[in-house]
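Below are the chains, spelled out letter by letter.
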Amino acid sequence: MGTNAKTLRNANAMPAPTWHFLRMNDTEITIPGNLSVAPAVSSMVAEDAIAPAGMFEYSLAMLQLWWEVAHPTDALQQASIAAVRAADAGATYGGTAQSRYQMRADAIEAANSLEESFETGVGAEAAEFLRQAAGDPLVIASAESQVVNALVTVQGASGAFSAAAIDVVAAMDSTVNLDVVVDSPDASDDAQGFTATTIRVIAGFGAQVNIRRMQTLDAGFCDIDDVGIVAADGACVEVAQTVLGGEKTYTGLACDLRGSESRIDIDLHYLGHGDQNHDINYIVRHHGVRTECDIQASGVLAGTSQKTLRGTIDLIRGCKGARGNERESVLLVDEGVRNRTVPVILCNEDDVAGNHGATIGHVNAEQLHYLQARGLSEKQAEALFLESSFDHAIQQAPSEQAAAGVDRLARAVLGQSVLMRDAEEDKGAQ
């Protein structure tokens, strides 16, 4: 990878920036230059579901043809946009006072191009870099009404950068279940490395795509989780992300609900401990009528950990009947943690609904007193909240290897095995 560090700028960027002095609009990702590119990636997927490289681009082009037929370019609208731009260019003052975001958004909509508007959550620069580092992508393509199951494992190693590029093309009325496990089982206590996945998804007409990603890296690792999705009529996408380990993590997802009555459900669970730093960015754009999105995030922050969550729901002109919801629940265990949440709803259409809410709070004195009265120290009481995150992850683990990764990380953080404890509790119940 060379001796110079690579800096990915404008990563996890909010589509519509807020005041720059808040330092919330985006982040930078620095990848050390002394890492070797060594993708330690394994996959389990049926051979008939593996497609050649280029399948994603071909399918996006086919989706473009459908979109142009269903939504022909409005010549009057194009002329109106051109007139406004010409007036702005010649104005000595005033004009329409559009922000750079608005001008870029208008230009993308006017281009009417799925290729131009397709995006991933971490950003274009990061996606390009990750695909180069990962090499040939794993392309998973289902046939009409077929059910495809796939498991991809990315293993972190000390001194190495391990990345996987995955393309998913779900045909009409098909189901694709993709599980991604990111772990560092053989790492030593002082190991340092980088892992990443970049995933592109086309959910066809009436298709169901389910993605589960579980990350259980050791403390010396950094991780990037980059996802981009476009959904056709009636498609449904469910994404479940569990972020437990790593020193710095970057999670980004962008979804274009292009087709009518398409839907995405995002469920994020994260745990901050030690001096971890989690940076998260969600962008859901509603193009189709009666589209729906539901973003739910829940986490626990302990030690001196910090987390930034940007969540943007963009209700674009034409998406009548669309509904967008985002909710977050954060438990702050220690006084030294830092939580930043930026929920954003952009609206350019009537007859739509956008809702957001957050529940953020510390463990209160009454709760601690209750637990201490039953023989637990303050540290033991706080550890219970961390255990709950590992318990949830064990229940959601997509494979035995993923469960073992959760248990290994729990031993490192809590000094105990959650698998052994659960087994003993089950034995006692019998």
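Asker: Please explain the overall build of the protein as it appears in this structure.
Answerer: Each helix and strand in the protein was counted, giving nine helices and 20 strands. The proportion of buried residues among the 430 residues of the protein is 50%. Summarising the internal contacts of the protein: among those between residues at least 6 apart in sequence, 85% fall at separations of at least 24. When the accessible area of the protein is evaluated, it comes to approximately 19,700 Å², of which 51% is carbon and sulfur surface.

Asker: Can you walk me through the nonpolar core in this structure?
Answerer: Most often, soluble globular proteins have nonpolar side chains that are buried together. In terms of nonpolar packing, the biggest core is built from 54 residues, with Leu 178, Ile 229, Leu 253 and Ile 264 touching the most fellow members. Apart from the residues within four sequence positions on either side, Leu 253 is in contact with Gly 121, Val 227, Ile 229, Val 239, Ile 264, Ile 266, Asn 281, Tyr 282 and Ile 283. One finds Leu 386, Phe 390, Leu 409 and Ala 410 within the second-largest nonpolar core, a separate group that totals 24 residues.

Asker: Just checking my understanding: could you explain the sheet that holds strand β18 (residues 323–332) for this structure?
Answerer: As a general point, the strands of a sheet are linked pairwise by backbone hydrogen bonds and lie either parallel or antiparallel. Strand order in the open sheet formed by nine strands is β4-β6-β8-β10-β12-β14-β16-β18-β20, and the pairing between neighbours is mixed. The open sheet is flanked by β4 (41–45) and β20 (353–362), the only strands paired with a single partner. Ignoring which end each strand starts from, the neighbouring axes of this sheet average 5 degrees apart. Bridge count between strand β12 (residues 236–243) and strand β14 (residues 263–272): eight bridges; the pairing is parallel. Residue pairing in the sheet places Val 239 in a bridge with Ile 266 of β14.

Asker: What is the right way to look at the packing of aromatic side chains in this model?
Answerer: Given two aromatic rings, one states the distance between the centres and the angle between the planes to describe the pair. All told, the structure shown has five aromatic pairs when counted by the stated rule. For the ring pair Trp 66 and Phe 205, a centre distance of 5.2 Å and an interplane angle of 85 degrees mean the geometry is edge-to-face. Of this pair, Trp 66 sits in helix α1 (residues 55–70) while Phe 205 sits in the loop between β9 (193–203) and β10 (208–216), placing them 139 residues apart in sequence. On the accessibility criterion, Trp 66 (19% relative accessible area) is buried. Phe 205 sits in the partly exposed class, given a relative accessible area of 26%. Through a chain of ring-to-ring contacts, the aromatic side chains of Trp 66, Trp 67 and Phe 205 assemble into a single cluster. If you follow Arg 258 out to its NZ or CZ, it ends over the ring of Trp 67, 4.6 Å from the centre.

The rules behind each value
Residues numbered from 1 in each chain as written. Predicted model: local features only at pLDDT ≥ 70, side-chain atom pairs only at ≥ 80, totals over all residues. Heavy atoms only, no water. Helix = DSSP H or I, 4+ residues; strand = E, 2+ residues; numbered from the N terminus. Buried < 20%, exposed > 50% of the residue type's maximum accessible area, 1.4 Å probe, protein only. Contact = heavy atoms within 4.5 Å. Areas by Shrake-Rupley, 256 points an atom, 1.4 Å probe, with all protein chains shown as cover. Core = buried A, V, L, I, M, F, W, Y, C linked by side-chain atoms within 4.5 Å. Pairing = 2+ DSSP bridges. Axes fitted to C-alpha atoms, helices over the stretch in contact; angles between N-to-C directions. Phe/Tyr/Trp six-rings, centres within 6.5 Å; stacked < 30°, edge-to-face > 60°. Lys NZ or Arg CZ within 6 Å of the ring centre and 35° of its normal.

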